[in-house]
Amino acid sequence: MSGAWNAIGRTPMVRLSNINKHLGLPPKASIYAKLEYLNVGGSKKDRIAKQMIDDAIEEGTLREGQRIVELTSGNTGTGLAIVAACRGHPFTAVMSKGNSVERARMMRALGAIVVLVDQHADSVVGQVSGDDLKRVEEETRRIVTQENAFRADQFSLPGSFRAHYLHTGPECWEQSEQSIDSFVDFVGTGGTFVGISKYLKEQNADIKCFLLEHASSRILNSHAAVSGGMAANNNGKHKIQGGGYFKTFSELPLFDQRISGVDKEDLIDGYLTVTDEEAIDTARLLARTEGIFGGFSAGANVAAAAKIIRSGQGNHVLALVCDSGLKYLSTDLYPQ
C-alpha cells in the first residue's frame, strides 16, 4: 500500500451486544455499528476527502500542486489535509470558532492552514448554527477566489455521496451478511445518507432508510409544519457538530436527482429527531458498555436506531459511529 490515503475505508462493523438492555431493546434485535472513527483521520469524512480528490484528478479539475480549500467542522478538513499532504497539494481549512479546538490542532499538525471564522453574535461556543456556517461559506468563497484554488465542496460534489455508494454501503451490506433491514443517519451534507441508502435499496428495496435531524433544527420533514416541528426550538442551536444546520433540501444539492441519480422520495422512508441529551447519554453508554468511544453524532445515530427498533420499523439497524470521542475532549460530551 502506497500512501496513507490508500488506507482509508474498510472499517470494521460490530453488532452491539451489551447496550440493548440499557436501551430497552429485545435481545434478538441488532444495531450494527460501523466504526468509521477507525479511519486514518478518525472519521467517515476521510472517505469523501479521498473520493472528491480522486474524482477531481481524474476529471482534470484539480491541477498539479493547486491549493485545495474547503469549509469544515473539522472532520472533512482532517481528511482533506491527509489526502492533500499525501498527493502534494497545499490545503486551507475554513472553520467556525464554535467547533472543538482539537479539530483545528489536528489539521494544523497535518500541514493545513486553518482559518477560524468568528461566530454570529447570537451563537454559542460549541454550538455551530446555520448563521455561523453562512459566515464560514462566505470566507471560503473569498479564499478560493483569492488563491485561485480548487474548492472541495462537500455539500455539492458528487464524490461526497459516491464515496458511500461505492464503498461504505457495499462494506456494510457484506459485513452484515445481507441482514440489514433499516438504516438511519444524522444529516449534515446528506452524502452519507444518499450514498448508503441508494446502494442498500438496490440490494433490497424493502430496506427502510430514515433521515435524522436535531429536534431544535428539524426542517426536512414536509409534515413538520403541520405538527409545529418546523419552528426550531432553541433557535436551532444544538451540540452535535457537523450537521443539523437548518438547511432545506434545496440547500442540500446531494439530494438532487440530477446529482445522485435517484429521487430523494425513493430513498427516504421516514424522519426522526434526537435531542442533545439523547445523543450525549447514548454516546456515553456506548463507551461504557461497548468500548466504542464515539462523538456526538455516534450517540445520535445509535439513539435513533433504538427508536426504530422500539417502533417496530426494523430489527437489524445500521448506524455509523462517524468520528472519535477524542475530537470532543474540550466539550462536555465526556465528563472530566
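Presented here is an overview of the structure given in this document. The structure displayed is predicted, hence computed values, not measured ones.

### A few points about the packing of helix H10 (residues 276–290) against helix H11 (residues 296–310)
Item 1. Between H10 and H11, whose axes approach to 7 Å, the crossing angle comes to 95°. When the axes of H10 and H11 are compared, the pair comes out roughly perpendicular. Taken together, the residues of H11 that come into contact with H10 (itself represented by Glu278, Ala279, Ile280, Thr282, Ala283 and Leu286) are Phe296, Ala298, Gly299, Ala300, Val302, Ala303 and Lys307.
Item 2. Taken together, the residues that form the contact of H10 with H11 break down as nine nonpolar, two polar and two charged.

### As for the nonpolar core
Item 1. Phe183, Phe193, Leu200, Leu211, Phe255 and Leu318 are the most contacted members of the largest nonpolar core, which has 40 residues in total.
Item 2. Every element with two or more residues in this core is listed here: strand S3 (68–71), helix H5 (130–147), helix H6 (159–175), helix H7 (191–203), strand S8 (208–214) and strand S10 (316–321).
Item 3. Among the elements that line this core, the one with the most residues is H7, at five residues.
Item 4. In this structure, leucine 200 is in contact with Gly169, Trp173, Ile180, Phe183, Ile207 and Leu318, ignoring residues within four places of it in sequence.
Item 5. The next biggest cluster of nonpolar side chains, apart from the first, holds 38 residues, and it includes Leu16, Ala33, Phe186 and Ala304.

### Comments concerning the sheet that holds S8
Item 1. Pairing is mixed across the open sheet formed by six strands, whose spatial order is S1-S2-S10-S7-S8-S9. Strand pairing shows two members of the sheet lacking a second neighbour, strand S1 (13–15) and strand S9 (270–274), which therefore form its edges. On average, each strand axis in the sheet is inclined to that of its neighbour by 25°, with strand direction left out of account.
Item 2. Here H11 sits on the sheet and contacts strand S2 (30–35), strand S7 (182–186), S8, S9 and S10; the angle it forms with S10, its principal contact strand, is near 170°.

### Side note on the pairing of S2
Item 1. Across the six residues that make up S2, a large majority, six, are buried.
Item 2. With burial as the criterion, each face of S2 is covered, one bearing Ser30, Tyr32 and Lys34 and the other bearing Ile31, Ala33 and Leu35.
Item 3. Here S1 pairs with S2 via three bridges, running antiparallel. By the bridge assignment, arginine 15 is partnered in S2 with tyrosine 32.
Item 4. Strand direction decides the pairing type here: S2 and S10, joined by six bridges, are parallel. Counterpart to serine 30 in the pairing with S10 is histidine 316.

What counts, and at which threshold
Residues numbered from 1 in each chain as written. Predicted model: local features only at pLDDT ≥ 70, side-chain atom pairs only at ≥ 80, totals over all residues. Heavy atoms only, no water. Axes fitted to C-alpha atoms, helices over the stretch in contact; angles between N-to-C directions. Helix = DSSP H or I, 4+ residues; strand = E, 2+ residues; numbered from the N terminus. Parallel < 35°, antiparallel > 145°, perpendicular 65-115°, else oblique. Contact = heavy atoms within 4.5 Å. Nonpolar A, V, L, I, M, F, W, Y, C, P; charged D, E, K, R; others polar. Core = buried A, V, L, I, M, F, W, Y, C linked by side-chain atoms within 4.5 Å. Buried < 20%, exposed > 50% of the residue type's maximum accessible area, 1.4 Å probe, protein only. Pairing = 2+ DSSP bridges.

It is worth stressing that arrangement in space is one thing and function is another; only the former is reported here.
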